[in-house]
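# Analysis of the macromolecular model
What follows is each chain in one-letter form.
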Amino acid sequence: MTKENFTNKNFLIDMDGVLYRGNDPVRGLSEFIGFLRARPIPFRMATNNSGLTPTQYAAKLARLGVTVAPEEIITSGTATALIMAQQLPAGARVHVFGENSLRDAMLEQGFVLADEDVAAVVASIDWGVNFEKIKRACLLIRGGARFYATN
């Protein structure tokens with residue numbers, strides 16, 4: 001392909017199962033990213049897994065031989081936080097049902113993390129899920145908090 005084929009093009013690239021499988025890169029990953037960078041063709045990488053932060057995903061990709069800035073990675077948690085920031089007042093109190101990476105995404109958008117009197121509950125993958133966490137989230141939602149879910 002020639003550069004002309006890619007004029008005014010952008011790529012949104014799925015990560016899990018496309019760029020790597022588990023901790024193994026797919027064949028040609030490094031060459032593909034090199035191809036994009038050499039043209040230069042703008043891209044973002046996306047994942048529906050909010051279990052890691054963009055910085056942690058960038059480190060994973062570095063271990064697989066690819067240099068990507070955290071700003072080039074969008075997780076379902078960061079995308080959800082951006083949407084919530086458009087829909088909720090600045091500094092809104094939110095309850096996070098998920099991993100620390102989701103908490104980080106909420107804090108980056110200026111939300112206050114709380115367990116009561118919240119405007120919203122945001123849920124994601126939570127490796128420590130238990131009855132108490134489910135109960136708290138359900139009661140907050142029943143009490144009027146908006147509900148956002150990712151993954």
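Residues numbered from 1 in each chain as written. Predicted model: local features only at pLDDT ≥ 70, side-chain atom pairs only at ≥ 80, totals over all residues. Heavy atoms only, no water.

So, on to the overall build of the protein chain. Looking only at helices and strands, one finds 5 helices and 9 strands in the protein chain. Along the protein chain, helices and strands appear, N-terminal first, in the series β-β-β-α-β-α-β-α-β-α-β-β-α-β. In terms of overall dimensions, the protein chain has C-alpha extents of about 55 × 30 × 20 Å along its principal axes. Classification of the 151 residues of the protein chain by burial places 38% in the buried group. Contacts spanning at least 24 positions in sequence make up 70% of the contacts within the protein chain whose residues lie at least 6 apart. Accessible surface computed for the protein chain: about 8,800 Å², of which carbon and sulfur atoms make up 53%. Positive and negative charge centroids in the protein chain, built from 16 and 15 side chains respectively, lie 4 Å apart. (Helix = DSSP H or I, 4+ residues; strand = E, 2+ residues; numbered from the N terminus. Buried < 20%, exposed > 50% of the residue type's maximum accessible area, 1.4 Å probe, protein only. Contact = heavy atoms within 4.5 Å. Areas by Shrake-Rupley, 256 points an atom, 1.4 Å probe, with all protein chains shown as cover. Lys, Arg positive; Asp, Glu negative; His and termini not counted. Charge placed at Lys NZ, Arg CZ, Asp CG, Glu CD.)

So, on to the sheet that holds strand β1 (residues 11-14). The 3 strands lie next to each other as β1-β4-β5, forming an open sheet whose pairing is parallel. Whereas interior strands pair on both sides, the edge strands pair on one side only; in this sheet they are β1 and β5 (73-75). In this sheet, neighbouring strand axes are inclined to one another by 25 degrees on average, regardless of whether the strands run parallel or antiparallel. Along the sheet, helix α1 (residues 29-38) makes contact with β1 and β4 (43-47), crossing β4 at roughly 145 degrees. Against the sheet, helix α3 (residues 76-87) makes contact with β4 and β5, and its axis sits at roughly 75 degrees relative to β5, the strand it touches most. (Pairing = 2+ DSSP bridges. Axes fitted to C-alpha atoms, helices over the stretch in contact; angles between N-to-C directions.)

If you walk through the whole model with that rule in mind, you get 1 aromatic pair. With 6.3 Å between their ring centres and 75 degrees between their planes, F11 and F32 make a pair best called edge-to-face. You can see F11 sitting in strand β1 and its partner F32 sitting in helix α1, a full 21 residues away along the chain. (Phe/Tyr/Trp six-rings, centres within 6.5 Å; stacked < 30°, edge-to-face > 60°.)

Counting across every chain of the model gives 1 cavity of 30 Å³ or more. L52, T53, P54, T75, T78, S101, D104, A105 and E108 are the residues that line the largest cavity. (1 Å grid on protein atoms, 1.4 Å probe; cavity = no way out; pocket = protein on both sides within 12 Å on 5 of 7 lines; lining within 4 Å. Points joined across faces, edges and corners; volume = space filled by probe spheres on them.)

Further remarks concern the nonpolar core. Core analysis: the largest hydrophobic core is formed by 18 residues, its most contacted members being M15, M45, L61 and I73. Elements supplying a minimum of two residues to this core: α1, β4 and α2 (54-63). Other than its neighbours up to four places away in sequence, M15 contacts Y20, M45, A46, T47, Y57, L61 and I73. Within the second largest apolar cluster, 13 residues are counted, among which are A92, M106, F111 and Y148. (Core = buried A, V, L, I, M, F, W, Y, C linked by side-chain atoms within 4.5 Å.)

Here we take up the packing of α3 against helix α4 (residues 100-108). The contact between α3 and α4 brings their axes to 9 Å, and the two run at 30 degrees. In this structure, α3 meets α4 at a crossing whose hand is right-handed. Together, G77, T78, A81 and M84 of α3 and L102, A105 and M106 of α4 make up the contact between the two elements. Tallied by class, residues from the contact of α3 with α4 come to 5 nonpolar, 2 polar and no charged. (Left-handed = near helix turned anticlockwise from the far one by under 90°. Nonpolar A, V, L, I, M, F, W, Y, C, P; charged D, E, K, R; others polar.)

Moving on to the pairing of strand β9 (residues 146-149). Across a regular strand the side chains alternate sides, sitting on one face of the sheet and then on the other. Two elements, strand β8 (residues 120-123) and β9, share 4 bridges in a ladder whose sense is parallel. The partner of A120 across the bridge, within β9, is R146. The parallel pair β8 and β9, bridged by helix α5 (residues 131-142), forms a crossover whose chirality is right-handed. (Right-handed = clockwise from strand over helix to strand, strands pointing away.)

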